Amino acid sequence: MTKRVTILGSTGSIGESTLDLVRRAKPGDIKIVSLTANSNAKKLAAQAIEFNAEYVALANHKNANVLQEALSGTAIEVGVGPEALIEAATRAADFCMAAIIGAAGLEPTLAAVDQGIHLGLANKECLVCAGDLFMERVKAKGTTLLPVDSEHNAIFQVLESDKPEGVRRLILTASGGPFREASIETLKKVTREDALNHPVWSMGAKISIDSATLMNKGLELIEASYLFDRPSSEIDILVHPQSIIHSMVEYIDGSILAQLGSPDMRTPIAYAMGWPDRMAAPVERLDLTKISGLTFFEPDTQKFPSLRLAREALEAGGKAPCVLNAANEIAVAAFLKEQVKFLDIPRIVETALDQHAKQSCFSRSPCDVAEIISTDNEARITAHEHIVSL
Ligand code: NAD
Ligand code: MG
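Residues numbered from 1 in each chain as written. Chains lettered and ligands numbered in written order. Predicted model: local features only at pLDDT ≥ 70, side-chain atom pairs only at ≥ 80, totals over all residues. Heavy atoms only, no water.

Visitor: Please provide a residue-by-residue account of the coordination of the magnesium ion (ligand 2), values included.
Guide: The coordination sphere of the magnesium ion (ligand 2) contains the protein donors Asp149 (OD), Glu151 (OE) and Glu220 (OE), at a distance range of 2.1 to 2.3 Å. Counting residues between consecutive donors of the magnesium ion (ligand 2) along the chain gives the motif D-x1-E-x68-E. Remark: Glu220 occurs in helix 11 (residues 215–228) and Glu151 occurs in helix 7 (residues 150–158); sequence separation between them is 69 residues. As far as the burial class goes, Glu151 and Glu220 line up, both buried. (Donors = N, O, S within 2.8 Å, 3.2 Å for Na, K, Ca; no water. Helix = DSSP H or I, 4+ residues; strand = E, 2+ residues; numbered from the N terminus. Buried < 20%, exposed > 50% of the residue type's maximum accessible area, 1.4 Å probe, protein only.)

Shown next, in the form of structure tokens:
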């Protein structure tokens, strides 16, 4: 049977890797329903034509005419603006890959959740900013949530989720990013290019910076807590520079189960898109005889305060993770525009968390999407104000 697949954020790193697998699938196995992008109309049009998509949506109106012109004379329907992203996510599909970056992905991803289908979740920020609400919606709609983030995908593969009492802890592994061994003095001088240059994974710009600050691992800690319903105290993080073990689950009998593989996102993407069957992925096979060693150590939260901030936000609960995420998005965007320094990123996030804690808005989880969006906006404003004052 043909699987109908939608990709939210098809022009990004995860989106392109997903399409790479679709391209290699047997003819007739997969039909592309909707594809979406923020502003890269040219790439979106080329993808839509190659995969004969039914519908494409561009979030930003700026390049709408480029998209419309490129697709004129085809049967591909075109939509523009935020409502078009919802339409893309709402068109009947069997599998949706949620691969928009940042909190901007929340509403379209929730629209896909509402279909009650198989959802491949790459967009970790939507779980960070709306964890409780998102998971409740998944449950209510009977959606099958398939984690795509490599660590969470690894845990999903080895977790006996029907026997939660047997689980002692989850162990998320981290590559440590490009500055694992850098001194604080070096971190003060880090450039945009240094930070974008990840030693192991090839990814979009925002997540590459998050990996360099270790905020990515912090967001993943929060993501794991909501996905697998475990408190902060039962989720450990270990730096594992080889990035061969993608994460582990420790059971109460002392067993530790791990998932191993080459660091290539096409493995977790194939797992999610093929589920419950296995789907072939053209990744480099792991040659165990060539692995000289697997090393692990505790992350340095003095050098990388983002990880501490994320754990504190998770433990504070309520709206704190939403504030953390929004302030981080603003700080990373400013760093990418070379408006702030690398070490300013956690400072901006910490200031936003402190200010919002003073207003005691952390006491309870947001009750609806409107409240999440307004918390997200307020935190963005606080972060902006801090940046301007630097
Ligand atoms: P990316 O920047 O390469 O691509 C992001 C996609 O989202 C693009 O298609 C872009 O057009 C779209 N987009 C950006 N802003 C938007 C907006 N405001 N409205 C609508 N669409 C918008 O990002 P990526 O690296 O592919 O990451 C996507 C998600 O997957 C992120 O949440 C990231 O944390 C997660 N993730 C990525 C990787 C990886 O290897 N790249 C690994 C694990 C998890
Ligand atoms: Mg990850």
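Visitor: Provide a residue-level description of the side chain of Ser17, including the pertinent values.
Guide: Within the secondary structure, Ser17 is located in helix 1 (residues 13–24). On the accessibility criterion, Ser17 (18% relative accessible area) is buried. Residues in contact with Ser17, not counting those within four places in the same chain, are Arg266 and Ile269. (Contact = heavy atoms within 4.5 Å.)

Visitor: I'd like a description of the site of ligand 1, backed by residues and values.
Guide: Around ligand 1, a shell composed of 23 residues is seen, among which Thr11, Ser13, Ile14, Asn38 and Glu125 lie nearest. For ligand 1, an oxygen atom lies 3.1 Å from a polar atom in the backbone of Gly12. At 3.0 Å, a backbone N or O of Gly204 approaches an oxygen atom of ligand 1. A total of 820 Å² of accessible area belongs to ligand 1 in isolation, and the protein chains cover 86% of it. Of all elements in the fold, only helix 1 and helix 6 (124–141) reach the threshold of two or more residues within the shell around ligand 1. In this structure, the shell around ligand 1 is formed jointly by two domains, domain 1 (3–147) and domain 2 (149–263 + 284–311), each of which donates at least three residues. (Near = heavy atom within 4 Å. Polar contact = N/O pair within 3.5 Å; in protein donor to acceptor, adjacent residues only side chain to side chain. Areas by Shrake-Rupley, 256 points an atom, 1.4 Å probe, with all protein chains shown as cover. Domains from an automatic or database assignment.)

Visitor: Help me get a handle on the domain arrangement of the chain, residues and values and all.
Guide: Taken domain by domain, the chain consists of domain 1 (3–147), domain 2 (149–263 + 284–311) and domain 3 (317–390). Contact between domain 1 and domain 2 buries roughly 1,300 Å² in total, counting both sides, with carbon and sulfur atoms accounting for 69%. Taken together, the connections running from domain 1 to domain 2 amount to three salt bridges. In this structure, Asp149 and Lys124 form a salt bridge, with 2.9 Å as the shortest nitrogen-oxygen distance. Across the domain 1-domain 2 interface, the total number found is five residue pairs in polar contact (both at pLDDT 80 or more). It is helix 6 that contributes the most residues to the side of domain 1 that touches domain 2, seven residues altogether. Of the residues assigned to the side of domain 1 that touches domain 2, the class counts are eight nonpolar, two polar and three charged. (Buried area = accessible area lost by both parts, 1.4 Å probe. Salt bridge = Lys/Arg side-chain N within 4 Å of Asp/Glu carboxyl O. Nonpolar A, V, L, I, M, F, W, Y, C, P; charged D, E, K, R; others polar.)

Visitor: Describe in detail unusual backbone geometry, supporting the description with residues and values.
Guide: Omega for the peptide link from Trp275 to Pro276 comes to 10 degrees, which places this bond in the cis form. Note that Pro276 resides in the loop between helix 12 (266–274) and helix 13 (305–316). Of note, the phi angle at Glu338 is positive, near 60 degrees, even though the residue is not glycine. Note on placement: Glu338 falls in the loop between helix 14 (320–336) and helix 15 (344–358).

Visitor: Hey, could you go over the sheet that holds strand 9 (residues 235–239) for me, with residue numbers and the actual values?
Guide: Think of a sheet as strands paired side by side through backbone hydrogen bonds, with each pair either parallel or antiparallel. If you walk across this open sheet you meet the four strands as 9-8-10-11, and the pairing is mixed. The strands lining the two open edges of the sheet, one partner per strand, are strand 9 and strand 11 (256–260). Direction aside, the axes of adjacent strands within the sheet are offset by 20 degrees on average. Examined bridge by bridge, strand 10 (residues 245–251) and strand 11 share five bridges and lie antiparallel to one another. Across the sheet, residue Ser247 finds its bridge partner in strand 11, namely Gln259. Across the sheet, helix 7 touches strand 8 (167–174), strand 10 and strand 11, and the angle it forms with strand 10 is around 40 degrees. (Pairing = 2+ DSSP bridges. Axes fitted to C-alpha atoms, helices over the stretch in contact; angles between N-to-C directions.)

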